[in-house]
Amino acid sequence: MKKAKILPYIILFIACLYLVLPLAVTVIYSFVTGWTEILPDGFTIKYYLQLFDDRRFWPSMFRGIIISIIPILISSTVVILALYTSILYCPKLDRLIQGICMLPNILKGIVLAIPVLSLYAGSDSFLGNRIVMLTFVYCIVILPFVYQGIRNNLRAVNVVQLIEAAQMLGAGKLYAFIKVVVPNMLSGIMVSSLLSMSAIFGDFAIVKIIAGSKYITAQQLLYNSKNLLLQYQSAIVSIMFVSTLLISGAAFAYQNYKTKKDMQ
Amino acid sequence: MKYIQFENIHKYFGENHVLKGINLGVEEGELATLLGPSGCGKSTLLRCLAGLETVSEGKIYLDGSDITQTDPRKRNIGMVFQQYSLFPNMNVAKNIAFGLHIQKKSREEIEKKVNDVLEMVGLSDKKTQFPRQLSGGQQQRVALARAIVMEPKVLLLDEPLSAIDALLRKNLQTEIRRIQKELNITTIFVTHDQEEAMVMSDTIHLFNQGNVEQSGKPDEIYSKPRTYFAAHFIGRYNILDSQVFNNISGTAFDADKIAIRPESLIFSEEDKTGENGMISMKAEILSQTIRGNIISYRLKVESPKKDIVELNADCLFETNGKYKTGSNIYINIKPDDVILLN
């Protein structure tokens, strides 16, 4: 009996260790002066100080965050509106939407970037702008995460009946969707957004192909630092991780605050 | 014209003809039940009245106005759904206040109305709870409160009790009826449960395959079914070909079918043929089942022409032990209790 109770904790501990270990090692490595055999020979924060002194670092972090958030907002809005239309007006469209949203799983972003670049690079319209191109390519890259997260959440609620109930209380369909259905999708949106953010934030290949030196993100900075000391690179990765963690933490804290406020 | 009037309502879903020319009226303040098996069109008619479905043909009038094409938001009709449909992201008070906010009522008025209606349904202490924290019965009462707080002209209840366990269902039947009478609100109730319909309704409209099979007061529907379907659906009627019944009973009824309520069969030890016109037949008890205060007997009757018929009979529990399975008895029927179906 006791054994059965302990076993899940052991499994959970091993899983956590497996997930956290690479990250912990990276963080530790960013603080070491050198490595002797299996232990570090000393600790320092000089790589962090160097990094913070680098004028390119904070702007690149900021760019990385902005280029992660905007595609998430665009993709989430598009998917939510598409699902709203399909669920309420044309359920047959759902399959088509699913097919389209899952397509980037087959057509990887890096494959997509090259034809997009050759198609729009010479365009005089706003689509010829590298940052616009990059934004829309990211929108497509994250579609599977966004769609799956939102769709899974929608399956848990009877959207049609909730909207009908709201209609009977005098609400319009879109108002009911925004006020009643969307709040129930927030956890799904949040999870898919975080997945999407980590995918975009961790990318350096697509941004390098499309934007090149016109839009340097933290990942690109990391890529460009490949000839520098590993501790310096580890410091960049650690800062990127902490930033993502803070953004996710802030999002979850806001969600908890809202739930508590609703409960009052 | 009645308070709610359906005139020749037809509804098609693709090629499926779901409502086949419904003509039906509901008086103001009445609780009318649409009763019938699944897929007979009762919920579709309710949804047409709510405006959640469009009618393919026909007119719907509410309080003298044609509302056939009116937006559901402007019909002033409240509805309670089978699965409650409470908004999961809102607590009880916010669920109830949702419609009042849309009507742009003042904060004080909303609070007063929410408190009043919560008191009416007996959930004042659950104001800040979320739907997931409530039982099925409590959720349904919140759904009812949310609908009646809007003071609708008509309240629609679409099988609101079907997802609730038997004991609680009986309490809620009484509760809904009490609130309906207290507010004198015209109500249309949809159910497939004939017992529930009997308990709650002023009038029952029995549906079958998109048509109204029979309308009337509960006792009338129960005691005087006009068609085979009505007799079959209401109660546990014994339905026989009249020729077979005439053979086993020695009578000469002229109808397609004969229906006899199980409680109309009176047991006796001796043949009572002719006593007050009584029809008497010899029967063998095949089985007996105790159903609370009722014992249901399964009987076999044989005619001189060797027609064999099985009948159901219900007796009060006091007969328990008096009649043994396998024994022979006489069953007696008053001629008035023989219902002719054509």
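Treat the numbers as computed from the prediction; the structure is a model and nothing was measured.

### Structural notes on the overall build of chain B
No. 1: When its secondary structure is counted, chain B shows 9 helices and 18 strands.
No. 2: Based on the C-alpha atoms only, the size of chain B along its principal axes is roughly 80 × 45 × 35 Å.
No. 3: A sequence separation of at least 24 residues applies to 66% of the contacts in chain B between residues at least 6 apart.
No. 4: For chain B, the computed accessible surface area is about 15700 Å², with 45% contributed by carbon and sulfur atoms.
No. 5: Measuring between centres, the 42 positive side-chain charges of chain B sit 5 Å from its 45 negative side-chain charges.

### Let's talk about the side chain of A:Asn153
Residue and element names in this part refer to chain A.
No. 1: Mapped onto the elements, Asn153 comes out in helix 7 (residues 143-155).
No. 2: Here Asn153 falls in the buried class, since its relative accessible area comes to 16%.
No. 3: Among the polar contacts listed, one links the side chain of Asn153 to the backbone nitrogen of Gly188, at a separation of 3.5 Å.
No. 4: Discounting chain neighbours no more than four positions away, the residues touching Asn153 are Asn184, Met185, Leu186, Ser187 and Gly188.

### With respect to the environment of B:Gly321
No. 1: You can see B:Gly321 is positioned in the loop between strand 16 (308-316) and strand 17 (328-333).
No. 2: For the pair formed by B:Gly321 and B:Lys42, sequence separation is 279 residues and the distance between their alpha carbons is 43 Å.

### Focus on the pairing of strand 1 (residues 32-36) of chain A
All names here are of chain A.
No. 1: Pairing analysis gives 4 bridges linking strand 1 to strand 2 (residues 39-43), with the strands arranged antiparallel. Note on strand 2: the bridge partner recorded for Gly34 is Gly42.
No. 2: Connecting the antiparallel pair strand 1 and strand 2 is a turn made up of 2 residues, with Glu37 showing a positive phi of about 50 degrees.

### Some remarks on the sheet that holds strand 4 (residues 57-62) of chain B
All names here are of chain B.
No. 1: Spatial strand order, 2-1-4-5: 4 strands in an open sheet with antiparallel pairing. The outermost strands of the open sheet, each flanked by one partner alone, are strand 2 (16-26) and strand 5 (65-66).
No. 2: Direction of pairing for strand 1 (residues 4-13) relative to strand 2: antiparallel, over a ladder of 8 bridges. The residue bridging Phe13 from the neighbouring strand is Asn16, located in strand 2.

### A closer look at the packing of aromatic side chains
Residues and elements named next belong to chain A.
No. 1: Per the stated rule, a full pass over the model turns up 15 aromatic pairs over all chains.
No. 2: Ring plane angle 20 degrees and centroid distance 5.5 Å describe the contact between Phe52 and Trp58, whose orientation is recorded as stacked.
No. 3: Judged by its relative accessible area of 45%, Trp58 falls in the partly exposed class.
No. 4: Taking the centre distance of 4.9 Å and the plane angle of 65 degrees together, the rings of Phe57 and Trp58 count as edge-to-face.
No. 5: A relative accessible area of 0% places Phe57 in the buried class.
No. 6: Positioned above the aromatic ring of Tyr223 is the side chain of Lys226, whose terminal nitrogen or guanidinium carbon lies 4.2 Å from the ring centre.

### What to know about helix 1 (residues 42-50) of chain B
All names here are of chain B.
No. 1: For helix 1, the tally of buried residues reaches 8 of 9 residues, placing the bulk of the element in the interior.
No. 2: Of the positions making up helix 1, those classed as buried are Lys42, Thr44, Leu45, Leu46, Arg47, Cys48, Leu49 and Ala50.
No. 3: Two residues or fewer past helix 1, Gly51 is found with a positive phi of approximately 95 degrees.

### Quick word on the interface of chain A and chain B
No. 1: Each partner contributes residues to the interface: chain A has 20 residues there, and chain B has 25 residues.
No. 2: Between chain A and chain B we count 1 salt bridge in total.
No. 3: Residues B:Arg47 and A:Glu164 are paired through a salt bridge, measuring 2.5 Å at the closest nitrogen-oxygen approach.
No. 4: The interface formed by chain A and chain B holds 4 residue pairs in polar contact (both at pLDDT 80 or more) in total.
No. 5: If you list the elements that add at least two residues to the side of chain A that touches chain B, you get helix 8 (159-168), helix 9 (173-201) and helix 12 (230-263) of chain A.
No. 6: No other element matches helix 8 of chain A, which puts 7 residues into the side of chain A that touches chain B.
No. 7: Here the residues of the side of chain A that touches chain B sort into 11 nonpolar, 6 polar and 3 charged.

### Details of a nonpolar patch on the surface
Residues and elements named next belong to chain A.
No. 1: Taken together, the side chains of Ile6, Leu7, Ile10, Ile11, Phe13, Ile14, Leu17, Leu21 and Val25 define a hydrophobic patch exposed on the protein surface, amounting to about 860 Å² of accessible area.
No. 2: Within the element layout of this structure, Ile14 appears in helix 1 (residues 2-31).
No. 3: Among the residues examined, Ile14 registers a relative accessible area of 51% and is labelled exposed.

### A closer look at helix 4 (residues 93-106) of chain A
No. 1: Across its 14 residues, helix 4 of chain A extends 21 Å between first and last C-alpha, which sits within 8% of the 20 Å expected from 1.5 Å per residue.
No. 2: All of the buried residues in helix 4 of chain A are A:Asp94, A:Ile97, A:Cys101 and A:Pro104.

### So, the domain arrangement of chain B
When the parts of a complex come together, some accessible area is lost, and that lost area is often used as the size of the interface.
Residue and element names in this part refer to chain B.
No. 1: Per the domain assignment, the segments making up chain B are domain 1 (4-233) and domain 2 (238-341).
No. 2: Between the C-alpha centres of domain 1 and domain 2 the distance comes to 39 Å.
No. 3: Of the residues lining the interface, 8 residues belong to domain 1; the matching set on domain 2 comes to 7 residues.
No. 4: Note on domain 1 versus domain 2: buried area summed over both sides is about 580 Å², and carbon and sulfur give 72% of it.
No. 5: Put simply, domain 1 and domain 2 have 0 salt bridges between them.
No. 6: Remark: the boundary between domain 1 and domain 2 carries 1 residue pair in polar contact (both at pLDDT 80 or more).
No. 7: Those elements that place two or more of their residues in the side of domain 1 that touches domain 2 are helix 7 (218-223) and helix 8 (228-233).
No. 8: Element by element, the count of residues in the side of domain 1 that touches domain 2 is highest for helix 8, at 3 residues.

### Some thoughts on a negative patch on the surface
Residues and elements named next belong to chain B.
No. 1: There is a patch of like negative charges on the surface, built from Glu269, Glu270, Asp271 and Glu275.
No. 2: For Glu270, the location among the structural elements is in the loop between strand 13 (266-268) and strand 14 (279-291).
No. 3: Of the residues examined, Glu270 reaches a relative accessible area of 44% and is grouped as partly exposed.

### Some details on the sheet that holds strand 12 (residues 257-260) of chain B
Adjacent strands of a sheet pair through backbone hydrogen bonds, lying either parallel or antiparallel.
All names here are of chain B.
No. 1: On the basis of which strands lie adjacent, the open sheet formed by 3 strands has the order 11-12-18 and antiparallel pairing. The open sheet has two edge strands with one neighbour each: strand 11 (238-241) and strand 18 (339-341). Each neighbouring strand pair of the sheet contributes to a mean axis angle of 30 degrees, computed without reference to strand direction.
No. 2: Where strand 11 lies against strand 12, 4 bridges are found, and the strand directions are antiparallel. Each residue of the ladder has a partner; that of Asp241, found in strand 12, is Lys257.

Reading the values: rules and limits
Residues numbered from 1 in each chain as written. Chains lettered and ligands numbered in written order. Predicted model: local features only at pLDDT ≥ 70, side-chain atom pairs only at ≥ 80, totals over all residues. Heavy atoms only, no water. Helix = DSSP H or I, 4+ residues; strand = E, 2+ residues; numbered from the N terminus. Contact = heavy atoms within 4.5 Å. Areas by Shrake-Rupley, 256 points an atom, 1.4 Å probe, with all protein chains shown as cover. Lys, Arg positive; Asp, Glu negative; His and termini not counted. Charge placed at Lys NZ, Arg CZ, Asp CG, Glu CD. Buried < 20%, exposed > 50% of the residue type's maximum accessible area, 1.4 Å probe, protein only. Polar contact = N/O pair within 3.5 Å; in protein donor to acceptor, adjacent residues only side chain to side chain. Pairing = 2+ DSSP bridges. Phe/Tyr/Trp six-rings, centres within 6.5 Å; stacked < 30°, edge-to-face > 60°. Lys NZ or Arg CZ within 6 Å of the ring centre and 35° of its normal. Salt bridge = Lys/Arg side-chain N within 4 Å of Asp/Glu carboxyl O. Nonpolar A, V, L, I, M, F, W, Y, C, P; charged D, E, K, R; others polar. Patch = residues over 30% accessible without salt bridge, like charges linked within 9 Å, V, L, I, M, F, W, Y side chains within 5 Å. Expected span 1.5 Å × (residues − 1). Domains from an automatic or database assignment. Buried area = accessible area lost by both parts, 1.4 Å probe. Axes fitted to C-alpha atoms, helices over the stretch in contact; angles between N-to-C directions.

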